[in-house]
Amino acid sequence: ADLPLEKRQTAFPEIITGIFSELSARVNTSKEPAKIISPEGLILRDMLENFIASPSPAIAELAKKIGKSETQTMRIFKKDFGTSPVAFLIARKIEQAKNLLTHSSCSVKEIAAMLGFKDEFYFSRIFTRKCGVSPKQFRKNTEMTG
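All of the points below concern the structure found in this document. (Residues numbered from 1 in each chain as written. Predicted model: local features only at pLDDT ≥ 70, side-chain atom pairs only at ≥ 80, totals over all residues. Heavy atoms only, no water.)

1. Topic: the pattern of salt bridges
Thinking step 1. Taken as a whole, this structure holds 4 salt bridges when the rule is applied.
Thinking step 2. The shortest N-O distance in the salt bridge between D46 and R45 comes to 3.4 Å.
Thinking step 3. Since its relative accessible area comes to 18%, R45 is described here as buried.
Thinking step 4. Put simply, E49, R92 and E95 are held in one network by salt bridges that share partners. (Salt bridge = Lys/Arg side-chain N within 4 Å of Asp/Glu carboxyl O. Buried < 20%, exposed > 50% of the residue type's maximum accessible area, 1.4 Å probe, protein only.)

Have a look at this one:
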């Protein structure tokens, strides 16, 4: 049975997030041996994966989840993943955005909303800074090459 449009719009980011989360957990794309990630790092990563379709959580919220101080939480995450939780989450959101721009007809405004950005202009600035082209230009480039 078809779901109402509102249900599909809220379910879609969750489904995509789940798929990417599962694939990321299973695939080691580097040439280096798999790195051992601390139990706290796994909890933090999984927690952040749940925020791909939401605004970023506060570091205090992450710290509380693993029972550590904010400083310890940042240190653990940086050691396990080589970046900050915020940078990690932004990178994941950009990956999702690229996928949506390539494989959906959603507008930039809809994609920004799906990924928890406060507005499409903020999303576009972040995307352009990370990718070197605007979301609209990225979509146009992938249409021409694909």
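2. Looking at the packing of aromatic side chains
Thinking step 1. Here the structure, examined in full by the defined rule, presents 7 aromatic pairs.
Thinking step 2. Taken together, a centroid distance of 5.8 Å and an interplanar angle of 55 degrees make the contact between F123 and F127 tilted. Of the two residues, F123 and F127 both sit in helix α7 (residues 120–131), 4 residues apart, roughly one turn of that helix. The same class applies to F123 and to F127, which are both buried.
Thinking step 3. With a centroid separation of 5.6 Å and 75 degrees between ring planes, the pair formed by F127 and F138 is classed as edge-to-face. Separated by 11 residues along the polypeptide, F127 in helix α7 and F138 in helix α8 (residues 135–145) bring together distant segments of the chain.
Thinking step 4. A residue is classified by how much of its surface remains accessible, and F138, at 16% relative accessible area, is buried.
Thinking step 5. Among the aromatic residues, those joined into a cluster by ring pairs are F117, Y122, F123, F127 and F138.
Thinking step 6. In this structure, K93 packs its charged tip against the face of F117, placed 5.2 Å from the ring centre.
Thinking step 7. It is K118 that lies over the ring of Y122; its NZ or CZ is 5.0 Å from the centre. (Phe/Tyr/Trp six-rings, centres within 6.5 Å; stacked < 30°, edge-to-face > 60°. Helix = DSSP H or I, 4+ residues; strand = E, 2+ residues; numbered from the N terminus. Lys NZ or Arg CZ within 6 Å of the ring centre and 35° of its normal.)

3. So, helix α4 (residues 70–81)
Because each turn of an α-helix spans 3.6 residues, side chains separated by three or four positions in sequence point in the same direction.
Thinking step 1. Along its 12 residues, α4 runs 16 Å from first to last C-alpha, staying within 8% of the 16 Å computed at 1.5 Å per residue.
Thinking step 2. Considered for burial, the residues of α4 that qualify are T73, I76, F77 and D80. One side of α4 carries all its buried residues, which in axial view fall inside an arc of 95 degrees. Summarising the geometry of α4, the exposed residues directed more than 90 degrees from the buried face are T71, R75 and K79.
Thinking step 3. Residues of α4 that are buried sit in contact with α2 (39–49), α3 (59–66) and α5 (85–103).
Thinking step 4. Just past α4, the residue G82 takes up positive phi, approximately 75 degrees. (Expected span 1.5 Å × (residues − 1). Arc of directions from axis to C-beta. Contact = heavy atoms within 4.5 Å.)

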